[in-house]
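# Inside the fold
These are the residues of each chain, in order.
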Amino acid sequence: MRDQEEKLLRAAAEARKQAYCPYSGYAVGAAVLTGEEDIVSGCNVENASYGLSNCGERTAIFKAVSRGAKRIKAVAITGAGEMPYPCGACRQVMAEFAESREMPVYVALVSETGEIDKIERYTLEQLLPHSFTL
């Protein structure tokens, strides 16, 4: 693994431990690399009113923006059991803040011990070829 990729995936795996997911039982951790080279992480936060839940990747992006970041350079997402591919809403939020359409998105499975088991690598363009823009 490349250094940046490894740091992001480790931060995402650590954030996954804080997930609040009593309804789905599926914990997700995410981390973003900002344009300022900071790593900001987040986890999914569920709600009994499902529409009010927030995915891990959006949590990480919103935290980064609330800290002053305007662009993100990379995203890492971790889960266990099945690959935690980003939903459509998360892909569109990534597109809003991505530094480029070639921004790397790492999707990974983690073991029960927190080790990275499997990684898939995409670009934002591959995940959302026709994003909505103003």
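A few points on the structure.

Reading guide: rules and limits
Residues numbered from 1 in each chain as written. Predicted model: local features only at pLDDT ≥ 70, side-chain atom pairs only at ≥ 80, totals over all residues. Heavy atoms only, no water. Helix = DSSP H or I, 4+ residues; strand = E, 2+ residues; numbered from the N terminus. Buried < 20%, exposed > 50% of the residue type's maximum accessible area, 1.4 Å probe, protein only. Contact = heavy atoms within 4.5 Å. Lys, Arg positive; Asp, Glu negative; His and termini not counted. Charge placed at Lys NZ, Arg CZ, Asp CG, Glu CD. Core = buried A, V, L, I, M, F, W, Y, C linked by side-chain atoms within 4.5 Å. Salt bridge = Lys/Arg side-chain N within 4 Å of Asp/Glu carboxyl O. Pairing = 2+ DSSP bridges. Axes fitted to C-alpha atoms, helices over the stretch in contact; angles between N-to-C directions.

### So, the overall build of the chain
Along the chain, the regular secondary structure elements total four helices and five strands. N-terminal to C-terminal, the α/β element order of the chain is α-β-β-α-β-α-β-β-α. In terms of overall dimensions, the chain has a C-alpha envelope of 35 × 35 × 30 Å along the principal axes. Across the 134 residues of the chain, 46% fall into the buried class. For the chain, the share of sequence-separated contacts (at least 6 apart) that also reach a separation of at least 24 residues comes to 64%. Charge centroids of the chain, computed over 15 positive and 18 negative side chains, lie 3 Å from each other.

### Considerations on the nonpolar core
Of all hydrophobic cores here, the largest spans 24 residues; its most connected members are Val 32, Val 75, Met 94, Met 103 and Val 105. For this core, the elements supplying multiple residues, two or more each, are strand S1 (29-34), helix H2 (56-66), strand S3 (72-79), helix H3 (88-97), strand S4 (104-110) and helix H4 (124-127). In terms of residue count, the dominant contributor to this core is H3 (four residues). Apart from the residues within four sequence positions on either side, Val 105 is in contact with Val 75, Ile 77, Met 94, Glu 120, Arg 121, Tyr 122, Leu 124 and Leu 127. Counting residues in each nonpolar core, the second largest holds 13 residues, with Leu 9, Ala 12, Ala 74 and Tyr 106 among its members.

### Some remarks on the side chain of Thr 34
Mapped onto the fold, Thr 34 is located in strand S1. Each residue touching Thr 34, except ones within four places of it in the same chain, is listed here: Val 40, Ala 64, Ala 69, Arg 71, Ile 72 and Lys 73.

### Description of the pattern of salt bridges
Counted under the stated rule, the structure contains eight salt bridges. A salt bridge links Glu 5 to Arg 121, with the shortest nitrogen-to-oxygen separation between them at 2.7 Å. Residue Glu 5 is located in helix H1 (residues 3-16), and its partner Arg 121 is located in strand S5 (residues 116-123); the two are separated by 116 residues in the primary sequence. Of the residues examined, Arg 121 reaches a relative accessible area of 43% and is grouped as partly exposed.

### Side note on the sheet that holds S5
With respect to topology, five strands assemble into an open sheet ordered S2-S1-S3-S4-S5, the strand pairing being mixed. The strands lining the two open edges of the sheet, one partner per strand, are strand S2 (39-43) and S5. Neighbouring strand axes in the sheet, compared pairwise and without regard to direction, differ in orientation by 20° on average. Relative to the sheet, H2 contacts S1, S2 and S3, its axis offset from that of S2 by approximately 140°.

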